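Descriptive structure summary
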Amino acid sequence: MNEFSIVCRILGSLFYRAPQDTVLDPLFALLTEGKLKQHWPLEQDDLLQRMGQDVDRQVLAADYQAMFSADGSVSPYSSDYEGAGESATRAFLTQCGMPLTEAPADHFGLLLLAASWIEDNALESDEVLAQIALFDDYLLPWCGSFLGKVEAHATGAFYRTLSMVTREALQAMRDELAEVSSDAEHE
């Protein structure tokens, strides 16, 4: 698993899983101990430190519920924005070979997890093109609206800061994909 995959997996998990999910225990431990920044490939130490200072999981769970539950203030689904929607997203991820459940495929966190999955599992020749398509067609068109709503509706600093980290990380990763794609064209 490389840095691109790790960033996508961490950010995707924080948006896709409720804070009380025990799968997140090691990640929250790294955040609160200030150790995530040692493994984080992007220059975001101040933001990661800020996230680690605001990790009362009961408070985070209430914030998560208020925003992302079925009747929450922030929909995490592209179909509620200018995104491709659930059926197109499901078809794309299925075409990439990603195993899916019955849960909606256009969830913001799941799309980040999908980017990690593609990085780790796609055929090398298709990997960059699939990731570019995922970013350009299924994630970037609506992520600004989504992350802006998270920043506006979060009651604590954690999710506001997570939105800032994610916004910067998405841009850095898309820039990296463009660079890799350009290098591949010149070979």
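Just above sits the structure.
Counting restarts for each chain: residues are numbered from 1 in the order of the written sequence. Note on the predicted model: pLDDT of at least 70 is required for a residue's local features to be given, and 80 or more for side-chain atom pairs to be given and counted; whole-chain, interface and lining totals, by contrast, use all residues. Side-chain numbers here rest on the full set of heavy atoms in the structure, without hydrogens or water.

1. Brief notes about the nonpolar core
To keep it simple, the criterion reads: To qualify as a nonpolar core, a set must consist of buried Ala, Val, Leu, Ile, Met, Phe, Trp, Tyr and Cys residues joined through side-chain atoms within 4.5 Å. Exposure is judged per residue with a 1.4 Å probe applied to protein chains only, and the accessible area is read against the type maximum: over 50% gives exposed, under 20% gives buried, and values in between give partly exposed. A run of H or I in DSSP becomes a helix once it reaches four residues, and a run of E becomes a strand once it reaches two; helices and strands are each numbered from the N terminus.
Within the largest apolar cluster, 57 residues are counted, with the highest numbers of intra-cluster contacts made by Phe-108, Phe-146, Phe-158 and Tyr-159. Elements that contribute at least two residues to this core include exactly α1 (3-16), α2 (25-32), α4 (45-52), α5 (57-68), α6 (86-95), α7 (108-121), α8 (124-153) and α9 (157-185). Counting residues per element, this core draws most heavily on α8, which supplies 13 residues.

2. Let's talk about the packing of α1 against α7
Rules: To get an axis, fit a line to the C-alpha atoms, keeping to the stretch in contact for a helix; angles then go from 0 to 180 degrees between the N-to-C directions. Note on terminology: angles under 35 degrees are roughly parallel, angles over 145 are roughly antiparallel, angles of 65 to 115 are roughly perpendicular, and the others are oblique. Helix crossings get a hand from a simple test, with the near helix turned counterclockwise from the far one by less than a right angle marking a left-handed crossing and a clockwise turn marking a right-handed one. Between two residues, a contact is recorded if the distance between any of their heavy atoms is within 4.5 Å.
Where α1 contacts α7, the two axes come as close as 7 Å, and the packing angle between them is 155°. Taken together, the axes of α1 and α7 are roughly antiparallel relative to one another. Here α1 and α7 pass one another in a crossing that is left-handed. On the side of α1, the interface is formed by Phe-4, Ser-5, Cys-8, Arg-9, Leu-11, Gly-12, Ser-13, Phe-15 and Tyr-16, while α7 contributes Phe-108, Gly-109, Leu-110, Leu-112, Leu-113, Ala-115, Ser-116, Glu-119 and Asp-120.

3. Digging into α6
Where we set the bar: Here, the arc refers to the directions that run from the helix axis to the C-beta atoms.
Within α6, burial applies to Thr-89, Phe-92 and Leu-93. With its buried residues spanning 95° around the axis, α6 presents them on a single face. Within α6, the exposed residues directed more than 90 degrees away from the buried face are Ser-87 and Gln-95.

4. A word on the side chain of Ser-78
Inspection of the secondary structure puts Ser-78 in the loop between α5 and α6. Among residues more than four places away in sequence, those in contact with Ser-78 are Gly-83, Ala-84, Gly-85, Thr-89, Asp-106 and Trp-142.

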